[in-house]
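Observations on chain architecture
For reference, the chains in residue letters:
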Amino acid sequence: MTSKHNIIFFIQFFIAISVCAQLNYLGIDYSAFELKHNSNDTSLTIPSGKMTRFGGTFIGESFHLALNRYNTLGIGLGLTTIEYERQWVGIFRESNQPGGATVKGSVKYLSLPFTLSLISGTGIRYKVNRSPIRFGVNITYVPSFQTKNSFSVKTFGTADSSIFFSNYRPGAKEVQHSFTIGLCTQFLLCNKKLKFGVEPYFGFGTGYFNEKQGSSNFIYGLKCQMAIHLKLPRIVIQKEPKPGNYNEKKKELEQKQKEIEQQLNKPH
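Residues numbered from 1 in each chain as written. Predicted model: local features only at pLDDT ≥ 70, side-chain atom pairs only at ≥ 80, totals over all residues. Heavy atoms only, no water.

**A closer look at the overall build of the protein chain**
The condition that has to hold: Numbering goes from the N terminus for both helices and strands, where a helix is a DSSP run of H or I of at least four residues and a strand is a run of E of at least two. Whether a residue is buried, partly exposed or exposed follows from its accessible area with a 1.4 Å probe, protein chains only, as a fraction of its type maximum: under 20%, in between, or over 50%, in that order. We call two residues in contact whenever any of their non-hydrogen atoms come within 4.5 Å of each other. All accessible areas in this document rest on Shrake-Rupley with a 1.4 Å probe, and a residue is counted as covered only by the protein chains that are shown.
Helix and strand counts for the protein chain come out as three helices and nine strands. Listed N to C, the secondary structure of the protein chain is α-β-β-β-β-β-β-α-β-β-β-α in terms of helices and strands. The buried share of the protein chain, reckoned over its 268 residues, is 36%. In the protein chain, the share of contacts with a sequence separation of at least 24, taken over all contacts with a separation of at least 6, comes to 71%. As presented, the protein chain carries roughly 17000 Å² of accessible surface, and 61% of it is formed by carbon and sulfur atoms.

Spelled out as structure tokens, the structure:
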């Protein structure tokens with residue numbers, strides 16, 4: 001079996017499970033996060049710099065295929081925006097005088113999150129006839145592809161802005177991967193037609209910048225999701241018999257009926 005056939009088989013498999021479960025969700029996702037970045041920037045004409053601010057946001061939409069009554073497999077699409085600030089303070093080699101420089105930048109990525117949600121079916125019902133609260137774990141893999149990279153430079157003291165600007169390169173990665181685990185709390189509202197989730201999470205990524213010392217990131221943040229319940233219509237497949245077969249079956253049944261009647265009408 002070729003790889004193409006394998007992909008088609010798995011897609012059909014998940015769709016079949018989803019149709020049976022009848023508990024799919026279409027969601028809008030928002031996440032705010034911070035990153036820990038340990039590597040420094042160096043150049044031939046400037047002192048080493050450090051990251052003073054490094055965080056981001058994600059906003060997008062996702063579709064959650066039901067694996068059973070509670071667990072889902074989510075496929076999403078959205079925009080990740082990384083905001084960072086780097087600062088250099090020290091002796092600048094072109095002037096041999098103290099100075100400082102600050103770079104503020106923004107990098108945008110197209111992100112495709114894949115999420116496995118393992119939700120407990122034993123929720124908390126805090127009032128009669130109210131929707132339950134459920135708890136679970138979300139395991140998410142997010143590949144991201146750079147779409148835009150921009151930055152601005154501001155210098156202080158004897159730092160030469162023209163030299164600094166010509167030498168500085170952000171070095172943002174074109175492709176980034178991250179893996180996160182989150183503790184999810186779900187609130188089911190409006191007779192389970194709406195679902196609101198709050199998920200504090202943490203994880204690791206391959207880094208957003210190319211550095212000689214490596215730039216793996218530790219990620220921690222908070223994710224919110226508002227989802228709409230989508231109940232798929234039940235699919236019933238009926239096979240129509242061919243006219244010829246139908247007539248033959250009808251004749252056989254009529255013949256059997258006559259034989260039974262003859263047996264019953266025989267004198268004992």
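**Regarding the nonpolar core**
Using the following cut-off: Put simply, a nonpolar core is a bunch of buried Ala, Val, Leu, Ile, Met, Phe, Trp, Tyr and Cys residues held in one set by side-chain atoms that sit within 4.5 Å of each other.
Judged by nonpolar contacts, the single largest core of 18 residues is most densely connected at Phe33, Leu35, Phe54, Ile82, Tyr84, Tyr208 and Phe209. Elements that contribute at least two residues to this core include exactly strand E1 (24–36), strand E2 (50–66), strand E3 (72–92) and strand E4 (97–111). With near-sequence residues (within four places) excluded, Ile82 lies in contact with Phe33, Leu35, Phe54, Gly55, Gly56, Gly105, Ser106, Val107, Tyr109 and Tyr208.

**Some remarks on the packing of aromatic side chains**
In plain terms, the rule: Each aromatic pair joins two rings of Phe, Tyr and Trp (for Trp, the six-membered one) with centres within 6.5 Å, and gets the label stacked for planes under 30 degrees apart, edge-to-face for over 60, and tilted for any other angle. The rule is short: NZ of Lys or CZ of Arg within 6 Å of the ring centre and within 35 degrees of the ring normal puts a charge over the ring.
With the rule as written, the count across this model stands at seven aromatic pairs. A network of ring pairs unites the aromatic residues Phe54, Tyr84, Tyr109, Tyr208 and Phe209 as a single cluster. The ring of Phe209 carries Arg86 above its face, with NZ or CZ at 4.4 Å from the centroid. For Lys195, the ring lying beneath its charged end belongs to Tyr25, and the centroid distance is 3.7 Å.

**With respect to a nonpolar patch on the surface**
To keep things clear, this is the line we draw: To count toward a patch, a residue needs a relative accessible area above 30% and no salt bridge. Like charges then connect within 9 Å, nonpolar side chains (Val, Leu, Ile, Met, Phe, Trp, Tyr) within 5 Å. For this document, the term salt bridge refers to a Lys or Arg side-chain nitrogen within 4 Å of an Asp or Glu carboxyl oxygen.
On the surface, a nonpolar cluster with roughly 840 Å² of combined accessible area is contributed by Ile75, Phe114, Tyr141, Phe179, Ile181, Phe202, Phe204, Phe218 and Tyr220. Only strand E7 (175–189), strand E8 (194–205) and strand E9 (217–230) provide two or more residues apiece to the nonpolar patch. Position of Phe218 among the secondary structure elements: in strand E9. Of the residues examined, Phe218 reaches a relative accessible area of 32% and is grouped as partly exposed.

**Quick notes on the confidence of the model for the protein chain**
Where we set the bar: Residue-level confidence of the predictor is summarised by pLDDT, bounded by 0 at the bottom and 100 at the top.
Overall, the predicted model of the protein chain reaches an average pLDDT of 77, with 68% of residues at or above 70. Averaged pLDDT values over the elements of the protein chain bottom out at 49 in helix H1 (residues 3–21) and peak at 93 in strand E5 (residues 114–119). The low-confidence segment residues 9–21 (pLDDT under 50) makes 13 contacts with residues lying over four places distant or belonging to another chain.

**Let's talk about the side chain of Thr80**
The criterion, for reference: Under this definition, polar contacts are N or O atom pairs within 3.5 Å; protein pairs additionally need one hydrogen-donor-capable and one acceptor-capable atom, and for neighbouring residues in sequence, both atoms have to be side-chain atoms.
With respect to the secondary-structure elements, Thr80 resides in strand E3. A relative accessible area of 4% means that Thr80 is categorised as buried. A distance of 2.6 Å separates a polar atom in the side chain of Thr80 from a polar atom in the side chain of Ser111. The residues touching Thr80, leaving out its near neighbours within four places in the chain, are Phe33, Thr57, Phe58, Val107, Lys108, Tyr109, Ser111 and Tyr208.

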